[in-house]
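# Results of the structural survey
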Amino acid sequence: MEDNYPIIVCDNLRKSYGSLEVLKGVTGRLSKGDVVSVIGPSGCGKSTFLRCLNRLETINGGRLEVLGVDISSPTLNQKVLRQLRSKVSMVFQHFNLFPHLTVLENLMLAPQKVLKSPQSQCREQALFYLEKVGLAEKAHFYPEQLSGGQKQRVAIARSLCMKPEVILFDEPTSALDPELVGEVLTVMRNLAQEGMTMVVVTHEMQFAREVSNLVLFFNQGIIEEQGDPQQVFTNPQSDRLKAFLSRIN
Ligand code: ADP
Ligand code: MG
């Protein structure tokens, strides 16, 4: 796929839980190779937005196109949905590894079940990506035998095994002890440099500044302000963004 190929096109996206309107018209576009940081106060809809992108949530209004598929339709075909989810991977705050499976088994599971790839290929690939996140020696460990930072690197390797077109990260370092944050951010920084398309909900402003090419500031269910990191962090326009940045710095 060439650069500028639209990975996500979002037009006036709306999402409610009952009477609570969480996304009130989100509009934006994400191209191949973009690294987008999503920042904003707690409860403003960042996780909901990510969850809409791989259709973990149904969508109440507007249009959302991901990898050329219109996923706003409430009657989206299950097969199309499964294909979409294998291409739009998600990394969660709490890792979501299977505790009863080894690291290697965690990594091989989805490629075997979803992509129906041969076992030997899944294994080879899993070991390749484990090496990439610096955990080759942990292949036969269980998640509980790993630190939080190691678990999150395993979760990232698990995503990579699906050969995704885009990875969605929802506060991937928020559950980690401070001394373990760096190792996970390093893995993410390397992915970004290799051209992986990424959407990262984060409180790590240094990371957002250095690694992303676009920053979205969410506030009360809309993108209140967006721009390149230089613009957003050094020349914020809206009072709300100014207030947000002064609170976290
Ligand atoms: P953020 O990730 O920015 O902190 P969320 O997207 O998690 O915000 O939540 C936005 C709002 O939606 C919050 O008020 C939250 O309580 C509400 N919300 C999130 N998920 C659900 C749900 N499954 N059911 C009802 N309300 C929800
Ligand atoms: Mg959240």
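As the structure is a prediction and not an experimental result, all values here were calculated from the model. (Residues numbered from 1 in each chain as written. Chains lettered and ligands numbered in written order. Predicted model: local features only at pLDDT ≥ 70, side-chain atom pairs only at ≥ 80, totals over all residues. Heavy atoms only, no water.)

## Describing the UniProt feature "domain: ABC transporter" (unreviewed entry) in the protein chain
Here, UniProt's "domain: ABC transporter" (unreviewed entry) annotation points to residues 8-245. Taken end to end, residues 8-245 is 39% helix and 26% strand, and its first and last C-alpha atoms sit 27 Å apart. (UniProt positions renumbered as here; feature names shortened; annotations may be inferred. Helix = DSSP H or I, 4+ residues; strand = E, 2+ residues; numbered from the N terminus.)

## Points about the packing of aromatic side chains
Per the counting criterion, the structure on display carries 3 aromatic pairs. With a centroid separation of 5.0 Å and 80 degrees between ring planes, the pair formed by Phe128 and Tyr129 is classed as edge-to-face. We classify Tyr129 as buried; its relative accessible area is 11%. (Phe/Tyr/Trp six-rings, centres within 6.5 Å; stacked < 30°, edge-to-face > 60°. Buried < 20%, exposed > 50% of the residue type's maximum accessible area, 1.4 Å probe, protein only.)

## What about the nonpolar core?
Note that soluble globular proteins tend to have their nonpolar side chains buried in a common cluster. Counting residues in hydrophobic clusters, the biggest one holds 38 residues, and the most contacted among them are Ile156, Phe169, Met188 and Met198. At the level of secondary structure, the elements contributing two or more residues to this core comprise helix 3 (103-113), helix 4 (119-132), helix 5 (148-161), strand 7 (166-170), helix 6 (178-193), strand 8 (197-201) and helix 7 (205-211). Sorting elements by how many residues they give to this core places helix 6 first, with 8 residues. Counting residues in hydrophobic clusters, the runner-up holds 33 residues, among them Val38, Val166, Val201 and Leu216. (Core = buried A, V, L, I, M, F, W, Y, C linked by side-chain atoms within 4.5 Å.)

## Some thoughts on the pattern of salt bridges
On inspection of all chains with the given rule, the structure shows 10 salt bridges. Glu21 is paired through a salt bridge with Arg14; the nearest N and O atoms lie 2.8 Å apart. What makes Glu21 partly exposed here is its relative accessible area of 32%. Salt-bridge contacts for Lys132 lead to Glu194; the nearest nitrogen and oxygen are separated by 2.8 Å. One end of the pair, Lys132, is in helix 4; the other, Glu194, is in the loop between helix 6 and strand 8, and 62 residues separate them in sequence. The class of Lys132 is partly exposed, set by a relative accessible area of 34%. With relative accessibility at 54%, the residue Glu194 sits in the exposed group. Several salt bridges converge on common partners, so that one network encompasses Lys15, Arg51 and Glu57. (Salt bridge = Lys/Arg side-chain N within 4 Å of Asp/Glu carboxyl O.)

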